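# Breakdown of the fold
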Amino acid sequence: DIVVIGAGGAGMTAAIQAVQDGATDVVILEKMPITGGNTTRSTGGLNAAGTSYQAAEGIEDSIELFVEDTMKGGKELNDKDLVTVMAENSAAAVDWVNDIGGDLSVVGMFGGASVKRIHRPSDTSAVGPMLVKALNDKVAELKIPVLLETKAEKILVDDSGKVSGVTATDKDGREFTIDCTAVVLA
């Protein structure tokens, strides 16, 4: 069904969500020898407004305030519509991470926020390694193949312009094609 190119946080999230939404044949291609990408280096946390963790601490936050803080931090150069989508879906993102086995249960204050909004692991460690572990565990549980040291070379399309596959090269230089109906570039 789907080839996901990239096994960082975004790629593994896309693959997991695709399977959760009913895709039955998903594969991830990763050019590096390990998963995680830049997510591994993430140290802060996940900003979210209107979460149960904020409510439990009596923190008053809103989508509007999250958008306002983000626009201010971005010197009003951000695309407000995209920032709004991010803010509107942020609480669900925290729930999703926790549902797949992650831990974003501590709420703290971080730069650019006017209220406690950043969600972090309960041991207050860096968020990236926790996320990568939770994502890797869920990918394994769902039996999503991850082809490491495999570089996607080209997205193939048929005569009508629809995606039909991906060509890739493995670590030994062998080229192969994976037929698919969709590609996620992550």
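Residues numbered from 1 in each chain as written. Predicted model: local features only at pLDDT ≥ 70, side-chain atom pairs only at ≥ 80, totals over all residues. Heavy atoms only, no water.

## What about the sheet that holds strand 10 (residues 182-185)?
With respect to topology, four strands assemble into an open sheet ordered 6-2-1-10, the strand pairing being parallel. Looking at strand neighbours, the two that pair on one side only are strand 6 (146-147) and strand 10, the edges of this open sheet. One ladder, built from four bridges, connects strand 1 (residues 2-5) with strand 10; its direction is parallel. What sits directly across from Ile 2, in strand 10, is Ala 182. (Pairing = 2+ DSSP bridges. Helix = DSSP H or I, 4+ residues; strand = E, 2+ residues; numbered from the N terminus.)

## Let's talk about the sheet that holds strand 7 (residues 151-157)
Taken together, three strands build an open sheet; the order of strands is 7-8-9 and the sheet is antiparallel. Where the open sheet ends on each side, the last strands, each with one partner, are strand 7 and strand 9 (175-179). With strand direction ignored, the average angle separating the axes of adjacent strands in the sheet is 25°. By the bridge criterion, six bridges tie strand 7 to strand 8 (residues 163-169) in an arrangement that is antiparallel. Across the sheet, residue Lys 154 finds its bridge partner in strand 8, namely Thr 167. (Axes fitted to C-alpha atoms, helices over the stretch in contact; angles between N-to-C directions.)

## Here's the deal with helix 4 (residues 80-99)
Look at helix 4: 29 Å from first C-alpha to last across 20 residues, which is about the 28 Å you get at 1.5 Å a residue. The set of residues buried in helix 4 consists of Val 83, Ala 87, Ser 90, Ala 91, Val 94, Trp 96, Val 97 and Asn 98. Next to the buried residues of helix 4 lie helix 1 (9-20), strand 3 (46-47), helix 2 (52-56), helix 3 (63-73), strand 5 (118-120) and helix 5 (127-141). Sitting at the amino-terminal end of helix 4 is Asp 79, which places a side-chain oxygen 3.0 Å from the backbone nitrogen of Asp 81. Just downstream of helix 4 lies Gly 101, where phi reads positive at about 110°. (Expected span 1.5 Å × (residues − 1). Buried < 20%, exposed > 50% of the residue type's maximum accessible area, 1.4 Å probe, protein only. Contact = heavy atoms within 4.5 Å. Polar contact = N/O pair within 3.5 Å; in protein donor to acceptor, adjacent residues only side chain to side chain.)

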